[in-house]
Amino acid sequence: MKTPPHAEKLITPAMLVLGLVLATVPLWISRVGLYPYLGVEILIWSIYALAFNLLLGTAGLPSFGHGAYFGIGAYAFGLTQFNVAPSLWLCLAAALLAGGIAGALVALFISHRRGIYYAFMTIAFGQIFWFVAIKSHGITGGEDGLLKIRRLPVDLGLVSIDLSSNTALYYFVLLAFMLAAVGLWRLTHSPFGRVLSAIRQSETRAAHLGYPVRLYKFAVFTISAALSGFAGGLFAMAQNSAFPDVMSLHYSGYIVMMVLVGGGMVSFWGPVVGVVVFLVARDVIGAYTTSWMLWFGLLFIAVVLFKPEGIAGAVQGWWRQLDPRRLREGARLSQVLRG
Amino acid sequence: MTPPLLVLERLKKVYTRGALVKRPTFTLEADLEFPESRIVGVLGPNGAGKTTLFEMITGSNAPTEGRVLVAGADIHRVKYKERDRLAIHYHQSYQVRSFSKRVPSALLARSPTPKPILHLFDEPQFNTQDGYIGFMLDFFRKLRAEGKLVFVCLHPTARYHLEILKEIGESFLLVHGGKAVPKASFSELVVDERARGYLGPDMTATAEALA
Amino acid sequence: MAVLEACDIHVRFGDRVVLEEISFAVEPGEMHGIMGPNGAGKTTFFNVLTGRVKPSRGEVRIEGEDVTGLPSHRIAARGIARSFQIMTLFDEFTALENVEVALPEFRARGFDGRRAAVGDRGFESAARAVLAEVGLAEKAGIVAKDLPYGDRRALEIAVALAQRPRVLCLDEPTSGLGSDGRARLAILIARLKGRLSIVTIEHDMEFLFGLADRISVVHWGQVIARGTPAELRQNAWVQRSNLGRLQ
Amino acid sequence: MSAAAVLARPETLPQTAAPLLSVEGIHTYYGETQVLFEVSLAVGAAEVFALLGPNGAGKTTTLRSILGLTRPKRGRIRFAGADVTHWPTHRIARAGIGWVPDDRRLCPTLTVAKNLSIAEKRTRFRSWSLKDAFGIFSPIELLMHREAENLSGGEMQMVAISRALLGSPGLVLFDEPSQGLAPKIVSDVLATIRRLRDEGVAAIVVEQNAEIALSVATKAAVLDRGRIAWAGEAAELRDDRALRRKLLGA
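Thresholds, definitions, all that
Residues numbered from 1 in each chain as written. Chains lettered and ligands numbered in written order. Predicted model: local features only at pLDDT ≥ 70, side-chain atom pairs only at ≥ 80, totals over all residues. Heavy atoms only, no water. Helix = DSSP H or I, 4+ residues; strand = E, 2+ residues; numbered from the N terminus. Rg over C-alpha atoms; globule rule 2.2 N^0.38 Å. Buried < 20%, exposed > 50% of the residue type's maximum accessible area, 1.4 Å probe, protein only. Contact = heavy atoms within 4.5 Å. Areas by Shrake-Rupley, 256 points an atom, 1.4 Å probe, with all protein chains shown as cover. Pairing = 2+ DSSP bridges. Axes fitted to C-alpha atoms, helices over the stretch in contact; angles between N-to-C directions. Core = buried A, V, L, I, M, F, W, Y, C linked by side-chain atoms within 4.5 Å. Salt bridge = Lys/Arg side-chain N within 4 Å of Asp/Glu carboxyl O. Buried area = accessible area lost by both parts, 1.4 Å probe. Nonpolar A, V, L, I, M, F, W, Y, C, P; charged D, E, K, R; others polar.

Participant: Would you mind going over the overall build of chain A with me for this structure?
Facilitator: Per the secondary structure count, chain A includes 14 helices and two strands. Over its C-alpha trace chain A gives a radius of gyration of 21 Å, about what one expects of a compact globule, namely 20 Å for 339 residues. In terms of overall dimensions, chain A has C-alpha extents of about 85 × 55 × 45 Å along its principal axes. Taking all 339 residues of chain A together, the buried fraction comes to 53%. Restricting the contact set of chain A to residue pairs at least 6 apart, pairs at least 24 apart contribute 78%. Surface summary for chain A: the accessible area is close to 15200 Å², and the carbon and sulfur share equals 71%.

Structure representation (C-alpha cells):
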C-alpha cells in the first residue's frame, strides 16, 4: 500500500464524507429494496475486514483461519452477558480481550514462519478453534449455538439508550466503525504501520535494519485478532446469537475474498468496498438464485485474473488514467479555442 | 616418533557387477607412504579412479581391502564428524563431505588431530585471466609450510597447467590402469609411457620442453 | 581494537562445508575487500558476520564483545549495516521512506502507533541528508521501484548508511553497474572511508584494488591470501593476469 | 555428407548471405542485475566461434540468451533467417541449435540408448541418425546399455555431444567442453568439433581455457564484465602473443 494523501491526518476528508453518507443510510435503505439490518451487518463485517486487512494488506501476513477470532469474540460477548454481567461495555471488552488472547497465543507459535507455512499454520489453528467450539456443547452450545443473546442498552450513567431497534443499533455500530477506522488509519500510517509495511516488502531487509520482525508479527496478529473479536461481539449482539459456523474455514475464506475483491492490498478502504459488494451481492443475487456463491466465486476469479489489485485498485487506476487525459484534452480544447 | 602423515596400506577398491557372479568392473590398488609434508601433483585419465582414491583417503568411500592411516589413525575408524579434522576433499570450489554411516559414531575413535593435515584439491579451476592462480599456488605452499600434505589433481590441457604442476609439484602420483604409481619428479613423470599416452602428443611435447 | 572480528568460523550446509576456519578483522576506518571465485563462500561469510547464518564453530565479535549467534536485528542494532547483492529495497516506499525507516531514531519509535509517521520533520531532515550524501536528493519522492537501476544501487547504500553504522558491509555493490555507476560509487566510498569501516565483497578488481586498504582472497571457504593491494600484486601469476595490468 | 553436399540443397538454407546466427546488441539480466551489455556476435554456417573470458564475464549467460533460457531485455537474436528472440526454448532447439552443457546434464538413471533416443529430431539441417553418431564416436556403440551415471567424464561428454547431434543442429553450443577431461580426450573432442565444421555444423565454443578454444576456432570474441572486449579472427589472437597476453593473461 502506497502512502495515500492525508496519511498524517487523524480524520481525513474521505472519512468525513464516508461517515456522513453512512449516517444517511437508514433514511433510504428500505427505499432501494434493501433493509436496515443489512446496514448493520455491512458495518460489522467492515470492522472485521479492516482488522483483517491490517494483517494481510499492511503486514502481508496471510491468515486463512481468521474467522476463529471473530467467533471467539461472539462467544465471549454472549458468555460474559450470561455469566458475568449484562453490561454492554463489559461484554464488548470481553470480546476484544478474548480475540486478542486467542490471537496472541497463536501468534506465539507462528510468528517465526513465513509465506505458505505461515498460512498453513493459521488454517490449522483456525480449525482447532472451530472444532473446539463445535465439540464444547456445555459452553458454546455446540452446533446449536448460543441463543438469546440480548442487545444490551448503551449505558452512559445518566442516560441509557436502547439498541433493540435496527436503526438504533445501526448508529451505535456506525460509531464503533468510525472509531475503529480512525484508529486503524492512524495505526497504518504510524511508524508501527510503516514497519509492518516494510516487513511485508522484505522481512530480511527489515531484520537487517534492526527490527525484531517476530515481535512485530506477534503484535500485529494480536491487534488484528482482538479487533476481529470486537467485531464478533457486535455481530453476536446484532443477530442475538453466536454460532460456530462463522469460525469455519468457509467463513474464514469469505473475509479473504471480501478483502481481495475490494482491493485491500492497495487501498485502506478496499476491504469496506469488498464487504459492501459481497453482502449486497449475496442479497441481490441471492434473491434470484440459491447458487449466488457460484456467481460471486466467478467474480472473485475474474478479479484475481484481471484486476488483482481489486475494485479499489481498479478505481485508483482509472482515476490516474483519467487525469492526464482530461488535462490533455483540456489543453487541446484551449488550443482550438485560441487558434 | 611422529607417525607418517599418510600411509595407504595395501589399499584396494573393487567395484563389481552382477548379483550372483560378480565380475569386477573397476579396480584400484595403492600401497604408498607419504612420511612428511609436501605438494603432490596427481594425474590420470578420466575414470582411472582419482576421485575414488581421494574419497578413500578422506574417509568417505570405504576400501575393499587395506587401510588408510592419516597421522597414524585409520580414517575409516574415526568418528564421521571428525574426519574433516584429518583430511579435506575440495571438489572444484567447495568441500565435499558425505559419509555412508554404517557404524554408529559412538563406536568410532576420535581424531588424533584438531585440524586437518591432509588437503586434497580435486580439479581446482585455474584461469589465467583472473589472477587467482597465484593466490591458490601460494595457499598450497602455505599449507605445505605448515607441515601439511597437499594433493593437487588436475588435467593438464594447456601449457600453463603444466607450468603450474612443475612449479609446485614436489612429487607426482599417476593414477592409471588400476594402480597409483608414484613419480619422484616432473622429468620422471614425463618419460613414463603411460603418462605420455594420457597427455597426448601436444601436451607431451610441451611437458618435455618444460622438463 | 578491531571493530568487527571473526575467529575460526566454520559453516556447513548438509554435506557441504562452506566455510572452513575463516578469520578476519576490520580495523576502525579501514576498507577491507573480499574477493574470490563464485561459490567460494563470500556471501555466506557475510551472512555469518551479519547474523543471518549461525556458524557451527567459531566466534564473531563486535568491539571485543561476543555476538555469535545473535539474530540479525540485534547485530544490526549494534552498528553493523549491510547491503545485498540481490537488491532488497522496500519497493513500494519512496526513496525518502526507505531511508527514514532505516534511521535508528525511527527504529526507536517502531512500536509507536499513536502518531503519524508522515510529515515528521525530525525523520525527514535526517533522511534527506543521507539521500543527499549518495546523490539522490532530487529523487526523494520517487517510489523505489520506479528509480533507475543505478539509483536503486545508490539507495541500497543510503539505506545502510542511514543506520549510522560502525561497519558497512557491501555485497557486490557494483554488480550490474556500468562504468559511470562504478565511478559514482567509487567516489562515494572514498568519501565514506575513514569515517566508518567498510567491508566489500567485489568481483571488479579494478574497483577493489583502487579503494581497499586490505584485501582478503577467499577460496574453498578459507582466506587463501591477504594483504594490501600492492602486496597482492607482487605475485608473478597475478602480474600475468588482468590484475597485473591495472594501474 | 560434406559441407558441399549440404549447400547443394539450397532450399534447406537461408537464401541471404546473412550469418547463420547473429546476436545483435543484447542486454541480459538476472533479476535486475545486468549481466550482458550490448553483446553482439555473428557465426556463419560451418564456422567455429570461440567465446572467451574469465569466470563471471558472461559467457554462459550469452549461451543461455541464445537458447532462450535467460531472455535478453533488449537486442535481437536471429538464427537461420528467423528472429528467434522471443521463441520458447524448445522451438529454438527445433530450429536447429544444439547444446552441450558444461555439466553434460544426462539423465543419470537412464541408459545411454534412452538418453540418446529422446533427443532425436529432424530440422531443416542435415539429419543425424544413431549410426552417424557412431561414426563420430565409435565407442558409444559399446556403451549403449550402461546407465549414464556409471560413465566416466570423457564418456559422458561423448554422449552429450552425440545427443546434441541427434537433434540435427545447424549450430552446436559447447559450454566449457574441456572441463574435467583428460588432455587426450580434450583433443578428441576438439577433433570432433573440427570434423563437424567440415560437415557443415557450426559451433560456439565457450572456454576459460583459451588455448583449447582457439585451436579449433575460426572467429573469436573476448568477454569482460559482460561486454565484448575484443572480437576478430581467431588466428589473430592465436598468433599475436602480446594481444593474447593483454586480453587473456596467457
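What follows picks up the thread again.
Participant: So what exactly am I meant to see when it comes to the environment of A:Val256 here?
Facilitator: Residues and elements named next belong to chain A. Tracing the backbone through its elements, the reader meets valine 256 in helix H11 (residues 249–262). Sequence spacing of valine 256 and tryptophan 318 is 62 residues, and the spatial spacing of their C-alpha atoms is 24 Å. Beyond its immediate stretch of four places on either side in the chain, valine 256 contacts Phe52, Ser63 and Phe64.

Participant: Honestly, the sheet that holds strand E6 (residues 97–100) of chain D in this entry has me stumped. Any pointers?
Facilitator: Strand pairing in a sheet is mediated by backbone hydrogen bonds. Such pairs are either parallel or antiparallel. All names here are of chain D. Strand order across the open sheet formed by six strands is E6-E7-E8-E3-E9-E10, with mixed pairing between neighbours. Strands at the two margins of the open sheet, each flanked by one partner only, are E6 and strand E10 (227–233). Pairwise comparison of adjacent strand axes, ignoring direction, gives a mean angle of 15° for this sheet. Across five bridges, the pairing between strand E7 (residues 171–175) and strand E8 (residues 202–207) is parallel. The residue bridging phenylalanine 174 from the neighbouring strand is valine 205, located in E8. Lying over the sheet, helix H7 (residues 153–166) contacts E6 and E7, oriented at roughly 170° with respect to E6.

Participant: It is not clear to me how the nonpolar core should be interpreted in this structure. Could you clarify?
Facilitator: Across soluble globular proteins, nonpolar side chains show a tendency to be buried alongside one another. Counting residues in each nonpolar core, the largest one holds 195 residues, and the members touching the most others are A:Phe177, B:Phe140 and C:Leu155. Among the elements that line this core, the one with the most residues is helix H2 (residues 36–58) of chain A, at 16 residues. Excluding residues within four positions of it along the chain, A:Phe177 makes contact with A:Leu18, A:Leu22, A:Leu43, A:Ser46, A:Ile47, A:Leu50, A:Trp269 and A:Val272. In terms of nonpolar packing, the next biggest core, distinct from the first, is built from 48 residues, D:Val48, D:Phe134, D:Met158 and D:Val222 among them.

Participant: Please explain the pattern of salt bridges as it appears in this structure.
Facilitator: Two side chains bearing opposite charge may form a pair once their charged atoms approach each other closely. With the rule as written, the count across this model stands at 51 salt bridges over all chains. Linking C:Glu5 and C:Arg61 is a salt bridge whose minimum nitrogen-to-oxygen distance equals 3.7 Å. Here C:Glu5 is found in strand E1 (residues 4–13), whereas its partner C:Arg61 is found in strand E4 (residues 57–62), with 56 residues between them in sequence. Between C:Glu124 and C:Arg128 there is a salt bridge, with the nearest N and O atoms lying 3.0 Å from each other. You can see C:Glu124 and its partner C:Arg128 sitting in helix H5 (residues 121–133), four residues apart, about one turn around the helix. We classify C:Glu124 as buried; its relative accessible area is 13%. Look at the salt bridges and you will find they share partners, linking C:Arg182, C:Asp204, C:Glu206 and D:Arg225 into a network.

Participant: I tried to follow the environment of A:Pro36 on my own but got confused; where do I start?
Facilitator: All names here are of chain A. The residue proline 36 is located in helix H2 in this model. Exposure remark for proline 36: the relative accessible area of 30% places this residue in the partly exposed category. It is 9.7 Å that separates the C-alpha atoms of proline 36 and serine 165, two residues lying 129 residues apart in sequence. Once residues within four sequence positions are removed from consideration, proline 36 is found in contact with Ile29, Ser30 and Asn166.

Participant: What's the story with the interface of chain C and chain A in this structure? I'm lost.
Facilitator: Size of an interface: often given as the accessible area lost when the parts come together. Counting residues at the interface gives 35 residues for chain C and 30 residues for chain A. Both sides of the chain C and chain A interface together cover about 3000 Å² of buried area, and 61% of this is carbon and sulfur. If you sort the residues of chain C by the area they bury against chain A, C:Phe90, C:Glu92 and C:Phe111 come out on top, with a joint share of 22%. Put simply, chain C and chain A have three salt bridges between them.

Participant: Please explain the interface of chain D and chain C as it appears in this structure.
Facilitator: Listed by partner, the interface residues are 13 residues for chain D and 18 residues for chain C. If you sort the residues of chain D by the area they bury against chain C, D:Glu32, D:Thr33 and D:Arg225 come out on top, with a joint share of 44%. We note a salt bridge from C:Glu206 to D:Arg225, for which the minimum N-O separation is 3.0 Å. Among the elements of the structure, strand E2 (33–43) and helix H11 (241–248) of chain D are those that each provide at least two residues to the side of chain D that touches chain C. Class assignment of the residues belonging to the side of chain D that touches chain C gives a composition of four nonpolar, four polar and five charged.

Participant: Which parts of the structure should I look at to understand the arrangement of the chains?
Facilitator: Contact analysis covers four pairs of chains in contact, and the most contacts occur between chains A and C. Kept free of each other, chain A and chain B leave a smallest C-alpha distance of 26 Å between them. Spatially, chain A and chain D are disjoint, and the shortest separation between their C-alpha atoms is 16 Å.

So, to be careful, I would describe these as geometric facts and stop short of saying anything about function.
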